[in-house]
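# Coordinate analysis (summary)
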Amino acid sequence: MYDSAPKQWGVTPPISIVGPTDTENAVNQALVEELKRQNSFESPEESQKRIAVLNQLQKVTEEFVRQVCAAKGLPDGVIKSSGGKIFTFGSYRLGVYGPGSDIDTLLLCPSPIHRPDFFQYLPPILQTYAQVTELTPVLDAFVPIIKFKFSGISIDLIFARLNLQSVPRDLTLEDKNLLRGSDEVNLRCLNGTRVTDEILQLVPRVGVFRGALRGIKLWAQRRAIYANVVGFPGGVAWAMLVARICQLYPQAVSAVVISKFFRILGQWSWPTPVLLKGIEDGPLNVKVWNPKIYASDRHHLMPIITPAYPSMCATHNITKSTKEIIMREMKRAAEIMDKIMIGEEEWSVLFKKHEFFTKGYKYYLAIVAASKDAEGQLLWSGMVESKLRLLVMNLEKLDTIALAHPFNKGFDKVHYCHTDNEAEAIAKGGCLGKNLEGVKSMPADLGKKDAAGNSPPREGNGESEQGPMKVWTTTHYVGIEVHPNITKRLDISWPVHEFYDLCRNWQSYDEDMHSIHIDLVRSFELPDDVFSEGEVKPTKTLKKKKAGPKKRGASEAGIDEVRILPKTSILDVTGCRARGRLPLGWCDNEDTPRVAARPRRDK
């Protein structure tokens, strides 16, 4: 009798079903050891602590549901059977979390409970637990969330409800009919768990998938290409890419999956979508990814499609520049992996840190968002960060710019100012250079996650550091690569002004509280806080003087039209700073309260 055909995982047959060789097993073991050295694994004791915390949260959930049902006057029988359940998703559910990682959790409730109840009743319940600290509800986020720590473990808790009278502990979310009656926000909250569960069901060997994903996540984080909000793949997208390679090599070990990952995806025929299974129809009147119908879907450059209904593109934020960066990194990694697989290179080379600030670019845009209070800065800087990719896309439209590379995280600081002038200077980019005299500046924790999903330690909030005025800043950087052989002056006033107006049109914008400032920074002018220990800051290159005529003064060069614009509020939104003497400069903004210089146009 003939052997039956091997099981097909995904939308195409496997490329190879051959098992690993002894050499591949040895390389895979070396991968595990390197991941341990890189602190990618949590101790068993910490993992058990997470389980205990989730068990406590399940009890909190049931208590919350009972309390709300009672407040609504429901019968005792309904209250007792109403249930409620905690689901996890993200890195914890995928099994690739590490030390300090947050737990992404979903609190699922029956139909009598609504989102306002979540924010009204749950925080007071959590406050009764001594283990709960740093409780922060965020109602106006894209996905409304309650953030807190439980026994020292960071929890990101979102809410969803089902059109059911009871949510028992053994309920699963596989049935897409459970989505009936969901609004857009509810659907987003439910699909976090549904997508994660589908991914785990669509890979041949979960252990191999997790090992490969740990390696790819570490690589993407070290190379600073892990951040959905600024135009790189996020955690779910990277997980789906790894899952697809696992489907194509169902018998391979994690090291081989990583090697094939870079070779296959580095040569992928984008925008052909990456699919883990066929796109399904469903019971809801909602959009499902389909480039034949939707023009917006046809514009996706590297579509990676979620497997759970309704299928969506997890990488719609990718731009021409970020795609180019990803492909460059894929090529670099593929060449390194070829050497690793034959024993000519170590895994640590693959995980070498990026050189974005040390050797990346000659010029950078520094985007400084500032606020007068920490809570306001969290929302303001988050909004500015979410619009960065639009700035990048507009920069890409200029024929002088080859690439606009956004760094994948911002740098948060708190500045203790003693005068209005100091606060004004900080808001206008004074935080970019050396600390201003009399102003103490230090890192600040605004409750954000880093690229790995970890929360930073709290700094900069001590009582002894308080001054009469605090200014919080978040600085984002975009590396600028100019087209070769460009000799004309680079004018980026249009994309800068568009971004400036876009931020100022935010519905919660307050000119007395918020500021946005954009400045051009040369590599040797970058502030010290962007460099890690051991990194060498670029230095200014001194050019040899050539014999020739004496350099002209400003008036002779035609830069004699200098205007001092009116002074405005301390934290008024400001635009770009004109630096006409630099090779890369731009026109001044009419709202900029600074000295602006324009070259005189001879008639």
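Residues numbered from 1 in each chain as written. Predicted model: local features only at pLDDT ≥ 70, side-chain atom pairs only at ≥ 80, totals over all residues. Heavy atoms only, no water.

Under an unreviewed UniProt entry, the protein has the name Poly(A) polymerase and belongs to Terfezia boudieri ATCC MYA-4762. According to UniProt, the comment filed for the protein under the heading Function (unreviewed entry) is "Polymerase that creates the 3'-poly(A) tail of mRNA's." (UniProt positions renumbered as here; feature names shortened; annotations may be inferred.)

### Concerning the overall build of the protein
Tallying secondary structure elements over the protein gives 17 helices and 13 strands in all. Per-residue burial for the protein yields a buried fraction of 52% across its 603 residues. A fraction of 76% describes how many contacts in the protein between residues 6 or more apart in sequence connect residues 24 or more apart. As displayed, the protein offers around 28800 Å² of accessible surface, 51% of which is attributable to carbon and sulfur atoms. (Helix = DSSP H or I, 4+ residues; strand = E, 2+ residues; numbered from the N terminus. Buried < 20%, exposed > 50% of the residue type's maximum accessible area, 1.4 Å probe, protein only. Contact = heavy atoms within 4.5 Å. Areas by Shrake-Rupley, 256 points an atom, 1.4 Å probe, with all protein chains shown as cover.)

### Description of helix 11 (residues 320–341)
Helical periodicity: at 3.6 residues per turn, an α-helix aligns residues three or four positions apart in one direction. In a regular helix each residue adds 1.5 Å, so 22 residues correspond to 32 Å; helix 11 covers 31 Å between its end C-alpha atoms and thus fits that length. Phi turns positive, to about 80°, at Gly343, one or two residues after helix 11. (Expected span 1.5 Å × (residues − 1).)

### A closer look at the side chain of Gln377
Checked against the element boundaries, Gln377 lands in helix 14 (residues 374–396). Residue classification places Gln377 among the buried positions, given a relative accessible area of 0%. Among the polar contacts made by the side chain of Gln377, one reaches the side chain of Ser371 at a distance of 2.7 Å. Sequence-distant contacts of Gln377, defined by excluding residues within four places in its chain, comprise Ala369, Ala370, Ser371, Gly382, Leu446, Trp472, Thr473 and Thr474. (Polar contact = N/O pair within 3.5 Å; in protein donor to acceptor, adjacent residues only side chain to side chain.)

### Concerning the nonpolar core
Core analysis: the largest hydrophobic core is formed by 108 residues, its most contacted members being Phe209, Trp219, Phe261, Phe262 and Leu350. For this core, the two domains that each supply at least three residues are domain 1 (22–38 + 198–353) and domain 3 (356–450 + 467–530). Counting 30 residues, the second-largest nonpolar core is a separate cluster that includes Leu57, Ile86, Tyr97 and Ile153. (Core = buried A, V, L, I, M, F, W, Y, C linked by side-chain atoms within 4.5 Å. Domains from an automatic or database assignment.)

### Focus: the sheet that holds strand 3 (residues 132–138)
Ordered in space as 1-2-5-4-3, the five strands form an open sheet in which the pairing is mixed. A single partner strand is all that each edge strand has here, and the edge strands are strand 1 (85–89) and strand 3. Recorded for the sheet is a direction-independent mean angle of 25° between the axes of neighbouring strands. Bridging between strand 1 and strand 2 (residues 103–109) involves five bridges; their strand directions are antiparallel. Residue pairing for strand 2: Thr88 is matched across the bridge by Thr105. (Pairing = 2+ DSSP bridges. Axes fitted to C-alpha atoms, helices over the stretch in contact; angles between N-to-C directions.)

### A word on the pairing of strand 3
Of the strand pairs in this sheet, strand 3 and strand 4 (residues 145–150) are connected by five bridges, and their pairing is antiparallel. Its bridge partner lying in strand 4, Thr133 is registered against Lys149. Between strand 3 and strand 4, which pair antiparallel in sequence order, lie six residues.

### Concerning the UniProt feature "binding site: Mg(2+) 2" (unreviewed entry) in the protein
In the numbering used here, UniProt assigns the feature "binding site: Mg(2+) 2" (unreviewed entry) to Asp102, Asp104 and Asp156. Separation in sequence by 55 residues is not matched in space for these annotated residues, since their most distant C-alpha atoms are only 6.9 Å apart. In this fold, Asp104 is placed in strand 2. Assignment of secondary structure puts Asp156 in strand 5 (residues 153–161).

### Focus on the pattern of salt bridges
Within this structure, the stated rule accounts for 22 salt bridges. Close ionic contact of Arg188 with Glu184 constitutes a salt bridge, the shortest N to O distance being 3.1 Å. Taken together, the residues span about one helical turn, with Arg188 and Glu184 both in helix 6 (residues 184–201) at a distance of four residues. Given a relative accessible area of 21%, Arg188 falls into the partly exposed group. You can call Glu184 exposed: its relative accessible area is 59%. Among the salt bridges present, the one from Lys287 reaches Asp297, with a minimum N-O distance of 3.2 Å. (Salt bridge = Lys/Arg side-chain N within 4 Å of Asp/Glu carboxyl O.)

### Some words on the side chain of Ser493
Here Ser493 is to be found in helix 16 (residues 493–504). There is a polar contact of 2.8 Å between the side chain of Ser493 and the side chain of Asp491.

### Observations regarding the packing of helix 1 (residues 22–37) against helix 9 (residues 254–266)
Look at helix 1 against helix 9: their axes get within 7 Å of each other, and the N-to-C directions meet at 90°. If you check the angle between helix 1 and helix 9, you find them roughly perpendicular. For the pair helix 1 and helix 9, contact is made by Glu24, Val27, Asn28 and Leu31 and by Ser254, Ala255, Val256 and Ile258, respectively. Of the residues contributing to the contact of helix 1 with helix 9, the split by class is five nonpolar, two polar and one charged. (Parallel < 35°, antiparallel > 145°, perpendicular 65-115°, else oblique. Nonpolar A, V, L, I, M, F, W, Y, C, P; charged D, E, K, R; others polar.)

### What to know about unusual backbone geometry
Here the amide bond leading from Trp270 into Pro271 is cis, since omega sits at 10°, within 30 degrees of zero. By secondary structure assignment, the location of Pro271 is in the loop between helix 9 and helix 10 (295–298). One non-glycine residue with positive phi stands out, namely Ala224, at about 60°. Within the fold, Ala224 resides in the loop between helix 7 (206–222) and helix 8 (235–248).

### Some thoughts on the packing of aromatic side chains
Under the defined criterion, the tally for this structure stands at 24 aromatic pairs. Taking the centre distance of 5.7 Å and the plane angle of 65° together, the rings of Phe356 and Tyr361 count as edge-to-face. For Phe356, a relative accessible area of 4% translates into the label buried. Classification of Tyr361 as buried rests on a relative accessible area of 12%. When the centroid spacing of 6.0 Å and the interplanar angle of 10° are considered together, the rings of Phe407 and Phe411 count as stacked. Overall, Phe407 belongs to the buried group, its relative accessible area being 4%. The aromatic ring of Trp9 is capped on one face by Lys7, whose charged end is 3.9 Å from the ring centroid. We note Lys287 situated over the ring of Tyr294; from NZ or CZ to the ring centre the distance is 4.8 Å. (Phe/Tyr/Trp six-rings, centres within 6.5 Å; stacked < 30°, edge-to-face > 60°. Lys NZ or Arg CZ within 6 Å of the ring centre and 35° of its normal.)

### So, the environment of Ser101
You can see Ser101 is positioned in the loop between helix 4 (90–94) and strand 2. Overall, Ser101 belongs to the buried group, its relative accessible area being 5%. Taking the C-alpha atoms as reference points, Ser101 and Ser154, 53 residues apart in sequence, are found 7.3 Å from one another.

### A word on the packing of helix 7 against helix 9
Across the interface, helix 7 lies against helix 9 with an axial gap of 8 Å and an inter-helix angle of 50°. With respect to each other, helix 7 and helix 9 are oriented oblique. Read as a crossing pair, helix 7 and helix 9 show a hand that is right-handed. Mapping the contact onto sequence places Gly207, Val208, Gly211, Ala212, Gly215, Ile216 and Trp219 in helix 7 and Ser254, Val257, Ile258, Phe261 and Phe262 in helix 9. Residue composition of the contact of helix 7 with helix 9, by class: eight nonpolar, four polar and no charged. (Left-handed = near helix turned anticlockwise from the far one by under 90°.)

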